[in-house]
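# Geometric and topological summary
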Amino acid sequence: MPQIMVEKLIKTFQVAERSTGFMGAVKGLVHRKYRTVNALDGIDFSLDQGELVGLIGPNGAGKSTTVKILSGIMVPDSGRVEVMGRIPWKERIESVRHIGVVFGQRTQLWWDLPVIESYQLLKDIYRIPDRQYKNHLDRSVELLDLKSLLDVPVRQLSLGQRMKCDLAAVLLHSPKILYLDEPTIGLDAVSKLAIRDIIGRINREQGVTVVLTTHDMDDIETLCRRVIVINQGKIFMDGTLQQLRSLVTTERRLIIDLEDSAVSLSDPDAELIKQEGHRVWLRFDPAKITVPELIERIAKAHPVRDLFVENPPIEEIIARLYGGAEQ
Amino acid sequence: MINAIKLWGRYARQAVRSQLQYRASFIMRVFGQLVLHALEAVVILALFDRFGSIRGWHLPEVLLFYGIAHISFAVAEGTARGFDIFSRLVKSGDFDILLLRPRSTALQVAVSDFQLLRIGRLAQGAAVLAWGMLTVNVAWHWTHLLILLSALTGATCMFYALFVFQATASFWTVESLEVMNMFTYGGVQTTQYPLEIYQKWFQRFFIFVIPLGCVTYLPVVALLGREDAIFHSPVWLQSAAPVMGVLFLLASLYLWEFGVRHYRSTGS
Amino acid sequence: MKPYWAIFKTRCAVMLQYRTAAVAGFCTQLFWGLILVMLYQALYHSSSGPKPMTLPQVISYIWLGQAMLLVLPWSNDRDVIQMIRDGGVGYELIRPVRLYGMWYSRFLATKVVPMTMRSIPIFLIAIPFLGLQPPASAAAAIAFAIAMLFGIMLSTSIVVCMNILFFWTVSGEGLSQLLMVFTFLFSGTYIPLPLLPDWSQPLVDFLPFRGLMDIPFRLYLGQLPVRELPRLMQGQCLWIIFFVLAGHLLLRRGLKLVVIQGG
């Protein structure tokens, strides 16, 4: 029985059109024109408990709308959604009790209060029992290294610190599902790693289902076994990262460190991407020539110090995917 | 219920603490409020000094109206602050955060702020009411106090409801809702005098549309044992009229839920 | 001519966007005016004997007050206060005269535009429908206009002072508030000044706030004869000079404070 079930989800918005200029402003006094935007045009998918899914797509694709409907904030035009056996927007309070949402660019904490006081307010709001509150707080403090931050007003925190505090906040009430909307956006490298680590841990150790909306491909590569690509209100692809890659291209990359930098390397089945000093990047199709074959051929021709086999960077995959979709 | 009170207490303590943070500035502002409202009372005294009475109502009676109006408004102003500033929550999209919590949105907004500053108006209203009670020609009985209390409760509920209505409007429009100030601040200005002194259409408006007259004029008429010159209503109706305040508040909360539903269908 | 027309058009387009706020303000003031008119109608109804003003005069006075409400020195300019609060004004270490002049012009403009926008609709409605009498005579109308002009200048000088007081955080805010409260009462907004007790009239005469509304209004009504205009203007001017000088002094003091404290 899937934990989250979405069927034929449709949502449209009416956006007011503003005419420009003086005459436009006068006309606007009398008559407003509206334009219909199809935010979601028939979305279907389901998630089991404990899955960690990446939700990706270009801006305006419908990712936030999907999350808002799943979390119960927004009411769709038509379609069926069931989260833990409930319809989110119909039973808002009951549904929302078991989920947590973190917005990358917004905080749910109180701006002028020390972090710990925000947590105490949340404790009262969610009616969290004392012991559970203490346990979860202590655990988050330890995992996220929050001890020094607890007495700091939220507005004085750096972006990375605030994100950690937001994550700790959302874990206080033991949610079964977490919706994370761009949690690593704007963070420095160290914070990103810490956040990713926590998310992975929560998912693995406690079986919390995680829906991760992100543009950061490292997030996807590190955390997500499954990826759902949304574009223009429709699901473009729903599968593993590997399936995503192969949708665009099956090509792989071979990176070779040569002994001798002066060598110009060429091979009939491999295309040279670039060469910098000792290092050569090659592009090839494993359908035409297998990895072992290519390596053997090159090693025979030139002395090789080291080599790596890689997938094309996911950014490229995604870019090609979106670009292809628009065609 | 207890949790809601506990929650309100926590928020209120935070609010008061941050408002008292700049203690000198706060005291200055309360003082300013006291002076402002004191001057308003001075104006009434000056008017009665020159005119003697107003359509058959004398100063002590008018002081009762004044006191009730300002005490209730001050309490409503101070406690409904969350609704007063609600429109910015909708504009910034932060209302979504409230929807993500397993509590009623109205409750969350209601407890979210508390303005200690309004204590200036409250103090002034109480002083005027006390003076009115001492000088008015009434043989005070506990039934009178009961009516007074119900009038205060009803009026507070009604002013509170007006703030809720004002906040609810921001679900539909992003324009500033200063028109509503007509009813909140205009309402206080109106009810500080006996409704009888105004013209017919005005009286009708403040009984049937925004029933402020029900929570101030009618109960005080009953208290004073005077004849209701507007509607010739029976005494029991006059005494029971403050319940309109509670009903009005319930209506405002119902409209609020309607507004939330609209917000959730159209997105932010 | 073309650029001025373009600027005019753009500004109008911007102003049209504030249509709901403008309508809201207009409605609120109509409502306020109506309440006050009814109040005084009731007061006059019950009372007999001579009064400093007749009821029709009081009614006109009230509507004039609503029309000219924005003349009151109540506008704190957030940008200016912000500049003072965060010390940015310290960078304006030009002679205080120039800074004062800049601020004066700025506040003057901020006052004149909304005032005109608010007063015209109210005049248009109040004269035919709500009991606002036309001016007592053509001369009275002109005297009213001139006195109002000086009232605007007086108000601007007061409001600049009030904003300069923000250099001194606590006491400045407090004084500013008190000033606002007293202008409210002693300008004639809330109660026509002649209706205040007779023993208070000398005090009211002495204070500057009468020149903001009460004097122009009573010229309009013919209660004050037009020939009094020069004397009354003198009073207004003296107060204008007082507040301008005070503003200069305070500004100089305030800037020194900013420099000493390092901004």
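Rules used throughout
Residues numbered from 1 in each chain as written. Chains lettered and ligands numbered in written order. Predicted model: local features only at pLDDT ≥ 70, side-chain atom pairs only at ≥ 80, totals over all residues. Helix = DSSP H or I, 4+ residues; strand = E, 2+ residues; numbered from the N terminus. Rg over C-alpha atoms; globule rule 2.2 N^0.38 Å. Buried ≥ 20, exposed ≤ 12 C-beta atoms within 10 Å, placed from the backbone. Contact = placed C-beta atoms within 7 Å. Pairing = 2+ DSSP bridges. Nonpolar A, V, L, I, M, F, W, Y, C, P; charged D, E, K, R; others polar. Expected span 1.5 Å × (residues − 1). Axes fitted to C-alpha atoms, helices over the stretch in contact; angles between N-to-C directions. Core = buried A, V, L, I, M, F, W, Y, C linked by C-beta atoms within 7 Å. pLDDT = per-residue confidence, 0-100. Parallel < 35°, antiparallel > 145°, perpendicular 65-115°, else oblique. Left-handed = near helix turned anticlockwise from the far one by under 90°.

## Remarks on the overall build of chain B
For chain B, the count of helices and strands is 15 helices and 0 strands. Expected size for 268 residues packed as a compact globule is a radius of gyration near 18 Å; at 20 Å, chain B falls within 12% of this value. Expressed along its principal axes, the backbone C-alpha trace of chain B runs to roughly 55 × 45 × 35 Å. Split into buried and exposed, the 268 residues of chain B put 45% on the buried side. Long-range contacts, defined as pairs at least 24 residues apart, comprise 80% of the intrachain contacts of chain B with a sequence gap of at least 6.

## Here we look at the overall build of chain C
Summing up its helical and strand segments, chain C has 10 helices and 0 strands in all. Traced from its N-terminal end to its C-terminal end, chain C shows the element sequence α-α-α-α-α-α-α-α-α-α. Counting only residues that meet the buried cut, chain C has 38% of its 263 residues in that class.

## Quick word on the pairing of strand S5 (residues 99-103) of chain A
Residues and elements named next belong to chain A. Burial analysis of S5 places 5 of its 5 residues in the buried class, the great majority of the element. In S5, alternate side chains face the same way, and those of Ile99, Val101 and Phe103 on one face and Gly100 and Val102 on the other are all buried. Relative to strand S6 (residues 177-181), S5 is paired through 5 bridges, and the arrangement is parallel. In the sheet register, Phe103 faces S6, and the bridge partner there is Asp181.

## So, the environment of Val102 of chain A
All names here are of chain A. With respect to the helices and strands, Val102 occurs in strand S5. Take Val102: there are 21 C-beta atoms within 10 Å of it, and that puts it in the buried class. Here the alpha-carbon distance between Val102 and Ala169, two residues 67 residues apart in the chain, equals 9.2 Å. When sequence neighbours within four positions are dropped, the list of residues in contact with Val102 reads Asp166, Leu167, Val170, Leu180, Asp181 and Pro183.

## Observations regarding the interface of chain C and chain B
It is common to give the size of an interface as the accessible area that goes away when the parts come together. Across the contact, 28 residues belong to chain C and 34 residues belong to chain B. Here the side of chain C that touches chain B gets 15 residues from one element, more than from any other, and that element is helix H2 (residues 19-46) of chain C. Here the residues of the side of chain C that touches chain B are counted per class, giving 19 nonpolar, 8 polar and 1 charged.

## Observations regarding helix H6 (residues 159-171) of chain A
Residue and element names in this part refer to chain A. The end-to-end C-alpha distance of H6 is 19 Å, a good match for the 18 Å that 13 residues give at a rise of 1.5 Å each. Counting buried residues along H6, 11 of its 13 residues qualify, which places the element largely inside the surrounding structure. Taken as a whole, H6 has its buried residues at Gln161, Arg162, Met163, Lys164, Cys165, Asp166, Leu167, Ala168, Ala169, Val170 and Leu171. Where H6 is buried, its residues contact S5, helix H4 (115-126), helix H5 (130-144), S6 and helix H7 (189-206).

## Overview of helix H3 (residues 59-79) of chain B
Its 21 residues place the ends of H3 of chain B 30 Å apart at the C-alpha level, agreeing with the 30 Å of an ideal helix rising 1.5 Å per residue. Burial of H3 of chain B is extensive: 18 of the 21 residues sit out of reach of the surface.

## Considerations on the sheet that holds strand S12 (residues 279-284) of chain A
All names here are of chain A. The strand order across the open sheet built from 4 strands is S11-S12-S10-S13, with neighbouring strands paired in antiparallel fashion. The open sheet has two free edges, formed respectively by strand S11 (270-276) and strand S13 (304-310), since each of these has just one partner strand. Strand after strand, the sheet turns through a mean of 20 degrees between neighbouring axes, direction not considered. Both S11 and S12 contribute to a ladder of 6 bridges, which runs antiparallel. By the bridge assignment for S12, Glu271 is matched with Arg283. Sheet contacts for helix H10 (residues 291-301): strand S10 (252-258), S11, S12 and S13; angle to S13, the most-contacted strand, approximately 155 degrees.

## Some points on the sheet that holds strand S8 (residues 226-231) of chain A
Residue and element names in this part refer to chain A. Spatially, the 6 strands line up as an open sheet ordered S5-S6-S7-S3-S8-S9, and their pairing is mixed. Each edge of the open sheet carries a strand with a single partner, namely S5 and strand S9 (234-240). On average, each strand axis in the sheet is tilted by 15 degrees relative to the strand beside it, whichever way the strands run. Relative to S8, strand S3 (residues 52-56) is paired through 4 bridges, and the arrangement is parallel. Following the sheet pairing, Leu55 is matched in S8 by Ile228. Sitting on the sheet, helix H9 (residues 241-248) is in contact with S8 and S9, with an inclination near 120 degrees to S9.

## Regarding unusual backbone geometry
All names here are of chain A. Positive phi outside glycine occurs at Lys8, with the angle close to 45 degrees. With respect to the helices and strands, Lys8 occurs in strand S1 (residues 4-17). By the C-beta count within 10 Å, which is 14 here, Lys8 ends up partly exposed.

## A few points about the nonpolar core
Among soluble globular proteins, nonpolar side chains are generally buried collectively. Counting 203 residues, the largest nonpolar core has Leu212 of chain A, Ile68, Met158 and Phe163 of chain B together with Ala147 and Leu219 of chain C as its most contacted members. Among residues more than four places away in sequence, those in contact with Leu212 of chain A are Leu52, Val53, Gly54, Leu55, Leu180, Asp219, Leu223 and Cys224 of chain A. Within the second largest apolar cluster, 9 residues are counted, among which are Ile256, Leu258, Ala270 and Phe284 of chain A.

## Some words on the confidence of the model for chain C
Mean pLDDT for chain C: 81, with 84% of residues reaching 70 or above. Model confidence for the complex is summarised by a pTM of 0.84, with the ipTM given as 0.87.

## Side note on the environment of Thr240 of chain A
Residue and element names in this part refer to chain A. Within the secondary structure, Thr240 sits in strand S9. For Thr240, a count of 12 C-beta atoms within 10 Å gives the class exposed. With residues up to four places along the chain from it excluded, the contact list for Thr240 reads Arg225 and Arg226.

## Let's talk about the environment of Ser64 of chain A
Residues and elements named next belong to chain A. Within the fold, Ser64 resides in helix H2 (residues 63-71). The exposure class assigned to Ser64 is partly exposed, which follows from the 19 C-beta atoms found within 10 Å. Sequence separation of Ser64 and Ala189 is 125 residues, and the distance between their C-alpha atoms is 25 Å.

## Quick notes on the packing of H3 of chain B against helix H9 (residues 142-169) of chain B
Residues and elements named next belong to chain B. It is at 8 Å that the axes of H3 and H9 come closest, and there the two elements cross at 50 degrees. Of the possible angle classes, the one that applies to H3 and H9 is oblique. Relative to H9, H3 is oriented so that their crossing is right-handed. Of the residues in H9, those touching H3 at Ile68, Ala69, Ile71, Ser72, Phe73, Val75 and Ala76 are Ala151, Leu152, Ala155, Thr156, Phe159, Tyr160 and Phe163. Classifying every residue of the contact of H3 with H9 by side-chain character gives 12 nonpolar, 2 polar and no charged.

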